[in-house]
Amino acid sequence: MRYLVFGLTLLVFGGCQRDLEPAGPLLSDLYGNFRVLEPLTVSATQVNFETGEQVHFSARMSILIDWQIEITGRTSGAVKRITGKSRSIELTNSRWLGETTQFPTFGLESCDVMLTFKDQTDTLRSTIEVTGKRVLDAIVLDNFETGISGTWVPFVQTGAEMKFRIDSTPPLAEGKQYYKMGGTVNWDWLKGMLTLNAAAYNSTAGFGLPNNAASVYFNGIYRQRANLNNGIILLQFREDDNGDGTFNQANEDMWAIEIRPGAIWELKSTRYVDLVALENGAPSAPKGNGVHEPHKLLRVDMLFLGNPTSGYTECDMDLLAFSINQPVQP
Ligand SMILES: [Ca+2]
Ligand SMILES: [Ca+2]
Ligand SMILES: [Ca+2]
């Protein structure tokens, strides 16, 4: 009897195995021993992202496995991570164009490359030298690298400890400088603001944006001072719906993005078509034709707000930019 049961088990198990094999994972991938068959190599020792160069990594493993490549800038501390699950690492799954996963962005510097595998102790290392910075495909309103752009119209409220200035104190976001906003204004939500008119920016209607609102993104990198959570960054986008060259708040569209930054620099990208109309922070009906029309954008405002009873408030921002077809990838 015992033999019979054993035989039956084998039969069932064998049948399942056959059925699974065509669609399921290879047994050698599940139970095979992990070995590195070809070590980590980098396609170049130097890479100039500025001239459009790119770099990729190669390695080959004995089984299908989750892997992670982590590139760390020795000077900046910038981190780029590339992950995958495969038996080999090659051009198609490990291309690096100079983008950043964890701010700050990469500078001209030597970088350490580390390849690790899930549940394995093996760590493979290499290096790569960045000799040219990535060029962004974006309409950059300001990245604050040369101070605050003269095209902005700034406004700073009357208050205590007012900080509306360029800062270069780490942690950094994009490049070496960012815009710091802070202060105590115990009588008003508005601490300060920046206004940018399309006419002042590039004398082009709608900042040169296309009329397809689904293809336009507004991007910015933001953070808030640690242990504070009362800061609000409100971005407003005024459209000249009727094309008369001015904005009429009674009957034209003003779209908005409200951001409450966290303590760590974070890129936020919003599609223009997803912008909402806000009234005192609450969604409201648009006042104009209700159509998102980036090519009619007349003016962008950045307002730094905080509850007047909440005391000191401080947020930083960097790389305010429009991008087309995809979020900006600094
Ligand atoms: Ca910057
Ligand atoms: Ca108008
Ligand atoms: Ca409109």
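Above this text you will find the structure in question.
This report concerns the structure included in the present document. This structure is a prediction, so every number in the text was calculated from the model and none was measured. Here the residue numbers are simple positions, counted from 1 along each chain's written sequence. Chain labels run from A onward and ligand labels from 1 onward, assigned in the order the entries are written. Side-chain atom pairs in this predicted model are given and counted only at pLDDT of 80 or more, local residue features only at pLDDT of at least 70, and totals for whole chains, interfaces and linings cover all residues. The basis for every side-chain value is the complete set of heavy atoms in the structure, and neither hydrogens nor water enter the calculation.

### Some details on the layout of surface pockets
Note the threshold: Grid points spaced at 1 Å and placed over the protein atoms alone form the basis of the search, with a cavity being a set where a 1.4 Å probe fits but cannot get out and a pocket an open set showing protein on both sides within 12 Å along at least five of seven lines. Lining residues have an atom within 4 Å of a point. Grid points are joined across faces, edges and corners, and a volume is the space filled by probe spheres set on the points. Helix and strand labels come from DSSP, where a helix needs a run of H or I of at least four residues and a strand needs a run of E of at least two; each type is numbered from the N terminus. Polarity classes work like this: nonpolar for Ala, Val, Leu, Ile, Met, Phe, Trp, Tyr, Cys and Pro, charged for Asp, Glu, Lys and Arg, and polar for all others, with Gly in that last group.
A volume near 530 Å³ is recorded for the largest pocket. In terms of lining, the largest pocket is formed by 22 residues, of which the most central are Q236, M254, L278, E279 and N280. At the level of elements, β13 (231-239), β14 (254-259), β16 (278-279) and β18 (297-306) are the ones that each hand at least two residues to the lining of the largest pocket. No other element matches the 4 residues that β14 contributes to the lining of the largest pocket. Looking at the lining of the largest pocket, its residues break down into 12 nonpolar, 5 polar and 5 charged.

### Observations regarding the coordination of the calcium ion (ligand 1)
This is how the line gets drawn: Metal donors: N, O and S atoms at distances within 2.8 Å, or within 3.2 Å for Na, K and Ca, with water omitted from the atom set so that some sites may seem incomplete. Burial classes: relative accessible area under 20% of the type maximum marks a residue as buried, over 50% as exposed, and values in between as partly exposed (1.4 Å probe, protein chains only).
Note on the calcium ion (ligand 1): its protein donors are N143 (O), E145 (OE), E174 (O), E174 (OE), Q177 (O), D318 (OD) and D318 (OD). The metal-donor distances range over 2.3 to 2.6 Å. Coordination of the calcium ion (ligand 1) draws on donor residues from a single chain, spaced N-x1-E-x28-E-x2-Q-x140-D in sequence. With N143 in the loop between β7 (139-142) and β8 (152-156) and Q177 in the loop between β9 (160-167) and β10 (178-184), this residue pair connects regions lying 34 residues apart in the sequence. Here N143 falls in the partly exposed class, since its relative accessible area comes to 23%.

### A closer look at the pairing of strand β6 (residues 123-132)
For a regular strand, side chains alternate in direction, first toward one face of the sheet and then toward the other. So the rule is basically this: Pairing between strands is defined by DSSP: at least two bridges between the two strands are required.
Here strand β2 (residues 46-48) pairs with β6 via 3 bridges, running parallel. Residue Q46 lies in a different strand from β6, and its bridge partner there is E129. Strand direction decides the pairing type here: strand β5 (residues 110-117) and β6, joined by 7 bridges, are antiparallel. The residue of β6 that forms the bridge with C111 is I128. The antiparallel pairing of β5 with β6 creates a hairpin that spans 5 residues between the two strands, and D119 there sits at a positive phi of about 65 degrees.

### Some words on the nonpolar core
Applicable threshold: Take the buried residues of types Ala, Val, Leu, Ile, Met, Phe, Trp, Tyr and Cys, join any two whose side-chain atoms come within 4.5 Å, and each joined set is a nonpolar core. Residue contacts are defined here by distance: any two heavy atoms, one from each residue, within 4.5 Å place the two residues in contact.
Ranked by size, the top nonpolar core spans 33 residues in total, and within it F237 and F322 carry the most contacts. Among the elements of the structure, β7, β10, β11 (190-197), β12 (216-224), β13, β14, β18 and β19 (313-324) are those that each provide at least two residues to this core. Ignoring sequence-local partners within four residues, the contact set of F322 consists of A138, I139, L141, F207, L209, V216, Y217, F218, N219, F237, L297 and V300. Judged by nonpolar contacts, the second largest core, of 26 residues, contains A59, I82, W96 and L115.

### Some thoughts on the sheet that holds β14
We count it as follows: Here an angle of 0 to 180 degrees is reported between the N-to-C directions of two axes, which are lines fitted to C-alpha atoms, with helices fitted over the stretch in contact.
Spatial strand order, β8-β11-β18-β13-β14: 5 strands in an open sheet with antiparallel pairing. At either margin of the open sheet sits one strand with a lone partner, and together these are β8 and β14. Adjacent strand axes in the sheet meet at a mean angle of 15 degrees, parallel and antiparallel pairs treated alike.

### Some words on the coordination of the calcium ion (ligand 2)
Each donor-metal-donor angle would ideally measure 109.5 degrees in four-coordinate tetrahedral geometry, or 90 or 180 degrees in six-coordinate octahedral geometry. Bound to the calcium ion (ligand 2) are the protein donor atoms D240 (OD), N242 (OD1), D244 (OD), T246 (O), E252 (OE) and E252 (OE), situated 2.2 to 2.5 Å from the metal. In the primary structure, the donors to the calcium ion (ligand 2) are separated according to the pattern D-x1-N-x1-D-x1-T-x5-E. You can call D244 partly exposed: its relative accessible area is 48%. Take E252: its relative accessible area is 2%, and that puts it in the buried class.

### Let's talk about the environment of D253
Put simply, the rule reads: Distance and chemistry together define a polar contact, namely a pair of N or O atoms within 3.5 Å, with one atom able to donate a hydrogen and the other to accept it when in protein, and with adjacent residues in sequence counting only for side-chain atoms on both sides.
Take D253: it is sitting in the loop between β13 and β14. Classification of D253 by relative accessible area gives buried; the value is 0%. Placed 129 residues apart in sequence, D253 and L124 show a C-alpha to C-alpha distance of 55 Å. Apart from residues lying up to four places away in sequence, D253 is in contact with F237, R238, E239, D241, F247, P286, K287, G288, N289, G290, V291 and E293. For D253, the side chain forms a polar contact with the main-chain nitrogen of G288, separated by 2.8 Å.

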